[in-house]
Amino acid sequence: MTSLLHSLRERDAFLLPLLAEVWKVNVDLLEPPQMIEALNKAMLDPARAEAIWETLNDRERGALIALTTPPSNGKMPEAKFNMVFGAIRQMGADKAAKERPHRNPTTPAEGLYYRGLIGLGFELAETGQRRIVYIPSDLGSVLPLHKTSYDDLPEEDDDDFPVEEAEPLAALERVDNVRPADTSLVDDMTTLLAYLQLHAPLLERDTFAASDLTALAKVLLNSDRARLVFLLSLGVGADLIEVQGGRALPKRTEARRWLGGSRSEQLRKLAETWRETGAYVDLWHVPGLHVETEAGTMSQYHPAGARSAVLDILKTAVPAQGWWSVDDFIDNIKQDSADFQRPNSDFDSWYIRDNDGKYLSGLKDWDAVDGALLDFLITSPLHWLGLVDLAEGAARLTAYGRAFLGLSAYPNPTETGEKIDVSADGSLKVSRKVARIDRFQIARFATWLGIENGGYLYKIDTDSINRAAGQGINTGHIAAFISRATGDAPLPAALANLLNNWKAGAVASVQFEKVTMLRTTAPEIMKLIMETPALRRFMGAQLGEMAAIVRTDNLNDLRDALGGHGIQADIIGG
């Protein structure tokens, strides 16, 4: 604990005479070190301390009591203290001489600070260093903190001063518009890893190019782009995805290990990654906030520290089983831990704009920044991870959420290991209950068709067989996999023939080409065209007595030339 002597030594020298005036200490002929010694001796005198106590108003006494009683125990984050007891103006010698804050304080906090009863310091929190307000431990022991202006009231009317830990939220009896959480993030991570394996897409900052976003939207259970950015960042943070040359790729060993786990293990891995990762900065993704990430002190921001602070509060502040108000949870944090994400309890050194371009700073914009982040954490990451159900203005911990907070063991439901459904034409229906590692493999050798009724549709065709061959997967591998995944059921004949015919790859190749064809009304007209040099130069191969291919780039020139020879040309479908 900090002593009064240390606190006095931390003060600016010009403040020492102000304190001497308050405590009636003669320091006219003393240098600062001697002033400090004299003040320390006088302020620790119980009689003088009680005299100063008698000059305090109820709010000032309440602030001291709040500082010295649990849970504060002598110190409090400056942001929290300021919200209840006001800010302390910091001023230089000239302004202090003019304002005389020891005689004319503007807030209870200022009245205590300029009497020397409280000090300002720092402590290390999970978000970094933060400013605190404290009462010197030896000074606290001589102040008559047990005495209040309510001493003569009956005991039952004794009133405590505010600033206590917020009470746990009461469970709500009724909610509307329930949106249950699910574990679809696991399925979409599987899809994303398969997509990266096949396409190795280029990244544009923390997301994909428009063409990849469009393609992924067709095969993800939830195509919300904000959630996809979250998914990509989780993959990087969990070491499932790596970036090489600007391209995103699955990290082979770690990805396969994750894919082979149970759904519960996979979800737990993603949730624990979010708890600890710096790859995803939640604040930067809050809708309506535009964070200048390189400006001010944003480089000191620790997203994992902010998350940890919120999760610690969540663990004790909300019902383990019932619904609770999101707004009330946010209000409790504002009252009790307003600086949960602010290094040094600094609310003025970030550059964040709203949608109108207005910069948001200071405690006055807490709701717009810090409150908005808390709402986002609950309604987005925690919900996406399957940890909280949502309703209108309310949330509820799921079984996974309670386990994540350490309130219970992780659920580990039995997985049925459902088999895939193979159609005669090579189409595959794969439910979410099929092992994720099996669906990852299927995506490597089958063409993706999309999603239907929450299941995945694929088809084995010549294109997918060729693509698989480029990954070292031959038709024998495909046949063996399908046989195992269907419980050794025989392959449909058409699919078996397709795989058999492609054992050695393509035996020949053909090309499809779009062409323009000229068709005449009589063989004689085609003969005239082909025997007239001025017309024949526009023609391609003749297809019969009355048809021939026309070079598309010369179509208009041919039409004009035909007209010059008295032949009317009509273009159909063009």
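Residues numbered from 1 in each chain as written. Predicted model: local features only at pLDDT ≥ 70, side-chain atom pairs only at ≥ 80, totals over all residues. Heavy atoms only, no water.

Another point: the overall build of the protein chain. Regarding its fold elements, the protein chain presents 26 helices and 20 strands. Residues classed as buried in the protein chain amount to 47% of the 574 residues present. Restricting the contact set of the protein chain to residue pairs at least 6 apart, pairs at least 24 apart contribute 65%. Only carbon and sulfur atoms are counted for the fraction: they give 49% of the accessible area of the protein chain, which is about 28700 Å². Considering the protein chain, the positive charge centre built from 60 side chains and the negative charge centre built from 80 side chains are found 8 Å apart. (Helix = DSSP H or I, 4+ residues; strand = E, 2+ residues; numbered from the N terminus. Buried < 20%, exposed > 50% of the residue type's maximum accessible area, 1.4 Å probe, protein only. Contact = heavy atoms within 4.5 Å. Areas by Shrake-Rupley, 256 points an atom, 1.4 Å probe, with all protein chains shown as cover. Lys, Arg positive; Asp, Glu negative; His and termini not counted. Charge placed at Lys NZ, Arg CZ, Asp CG, Glu CD.)

If you look at the biggest cluster of nonpolar residues, it comprises 102 residues, and the most contacted ones within it are Trp274, Leu283, Phe329 and Ile460. The greatest single-element share of this core, amounting to eight residues, is contributed by helix H10 (residues 184-199). Here Ile460 is in contact with Asp425, Gly426, Leu428, Phe445, Ala446, Ile465, Ile478, Ile482, Leu495, Leu498 and Leu499, once residues within four sequence places are set aside. Ranked by size, the runner-up nonpolar core spans 44 residues in total, among them Trp23, Leu39, Ala96 and Val142. (Core = buried A, V, L, I, M, F, W, Y, C linked by side-chain atoms within 4.5 Å.)

The next point concerns the sheet that holds strand S9 (residues 324-325). The antiparallel open sheet is built from three strands, whose spatial order is S9-S13-S12. Strand pairing shows two members of the sheet lacking a second neighbour, S9 and strand S12 (388-391), which therefore form its edges. Bridge analysis of S12 against strand S13 (residues 394-397) gives four bridges, and the strand direction is antiparallel. In the sheet register, Val388 faces S13, and the bridge partner there is Leu397. (Pairing = 2+ DSSP bridges.)

This next bit is on helix H12 (residues 225-237). In this model H12 runs 18 Å from its N-terminal to its C-terminal C-alpha over 13 residues, within 8% of the 18 Å that 1.5 Å per residue would give. Buried within H12 are the following residues: Arg227, Leu228, Val229, Phe230, Leu231, Leu232, Ser233, Leu234 and Gly235. Where H12 begins, the capping side chain belongs to Asp224, and its oxygen is found 3.1 Å from the backbone nitrogen of Ala226. Remark: Asp239 follows H12 within two positions and exhibits a positive phi of approximately 70°. (Expected span 1.5 Å × (residues − 1). Polar contact = N/O pair within 3.5 Å; in protein donor to acceptor, adjacent residues only side chain to side chain.)

Per the counting criterion, the structure on display carries 12 aromatic pairs. Note on Phe230 and Tyr280: the rings are 5.0 Å apart at their centroids and 80° apart in plane angle, and the pair reads as edge-to-face. Here Tyr280 lies in the loop between helix H14 (263-276) and strand S8 (290-291) and Phe230 lies in helix H12, a separation of 50 residues in the sequence. Neither residue differs from the other here; Phe230 and Tyr280 are each classed as buried. The interplanar angle of 50° and the centroid separation of 5.2 Å between the aromatic rings of Phe230 and Trp384 together place this pair among those described as tilted. Taken together, the positions of Phe230 in helix H12 and Trp384 in helix H18 (residues 381-384) put the pair 154 residues apart, joining distant regions of the chain. With a relative accessible area of 0%, Phe230 lands in the buried category. Overall, Trp384 belongs to the buried group, its relative accessible area being 8%. Looking at Arg275, its charged tip hangs above the ring of Phe404, at a distance of 4.1 Å from the centre. Residue placement shows Arg439 over the ring face of Tyr456; its charged tip is 3.7 Å from the ring centre. (Phe/Tyr/Trp six-rings, centres within 6.5 Å; stacked < 30°, edge-to-face > 60°. Lys NZ or Arg CZ within 6 Å of the ring centre and 35° of its normal.)

What follows deals with the pattern of salt bridges. Under the defined criterion, the tally for this structure stands at 24 salt bridges. Salt-bridge contacts for Arg275 lead to Glu272; the nearest nitrogen and oxygen are separated by 2.9 Å. Placement of both Arg275 and Glu272 in helix H14 is noted, with a separation of three residues, approximately one turn of the helix. As a salt-bridge pair, Arg396 and Asp389 come within 3.1 Å of each other at their nearest N and O atoms. It is possible to trace a salt-bridge network through shared partners that takes in Glu21, Arg100 and Arg103. (Salt bridge = Lys/Arg side-chain N within 4 Å of Asp/Glu carboxyl O.)

Where helix H16 (residues 326-336) meets helix H17 (residues 366-379), the axes come as close as 10 Å, and the angle between the chain directions of the two elements is 130°. If you check the angle between H16 and H17, you find them oblique. Viewed along their axes, H16 and H17 form a crossing whose handedness is right-handed. Taking contact as the criterion, the partners of Val326, Phe329, Ile330, Ile333 and Lys334 in H16 are, on H17, Trp366, Asp367, Gly371, Leu374, Asp375 and Ile378. (Axes fitted to C-alpha atoms, helices over the stretch in contact; angles between N-to-C directions. Parallel < 35°, antiparallel > 145°, perpendicular 65-115°, else oblique. Left-handed = near helix turned anticlockwise from the far one by under 90°.)

Before going further, it helps to spend a moment on the sheet that holds S8. Spatially, the three strands line up as an open sheet ordered S8-S10-S11, and their pairing is antiparallel. One side of each edge strand has no neighbouring strand; the edge strands of this open sheet are S8 and strand S11 (359-360). Pairing analysis gives two bridges linking S8 to strand S10 (residues 352-353), with the strands arranged antiparallel. For Val291, the partnering residue across the bridge sits in S10 and is Ile352.

Relative to the 21 Å expected for 15 residues at 1.5 Å per residue, helix H15 (residues 303-317) spans 21 Å between its end C-alpha atoms, a close match to the ideal helical length. All of the buried residues in H15 are Pro303, Gly305, Ala306, Arg307, Ala309, Val310, Leu311, Ile313, Leu314 and Ala317.

Here we take up the pairing of strand S15 (residues 427-430). As paired strands, strand S14 (residues 421-422) and S15 are joined by two bridges and run antiparallel to one another. The residue of S15 that forms the bridge with Asp421 is Lys429. The antiparallel hairpin formed by S14 and S15 contains four residues in its connecting segment, where Gly426 sits at a positive phi of about 90°.

Do not read the fine detail of predicted coordinates wherever pLDDT is low. Chain-level statistics for the protein chain give a pLDDT mean of 88 and a share of 94% at 70 or above. The secondary structure element of the protein chain with the lowest average pLDDT is helix H6 (residues 78-85), at 80, and the one with the highest is H18, at 98. (pLDDT = per-residue confidence, 0-100.)

Right, let's talk about the environment of Asp176 for a bit. Relative to the elements of secondary structure, Asp176 occurs in the loop between helix H9 (137-142) and H10. Along the primary structure Asp176 and Lys98 are separated by 78 residues, whereas in three dimensions their C-alpha atoms are 58 Å apart. Among residues more than four places away in sequence, those in contact with Asp176 are Ala391 and Glu392.

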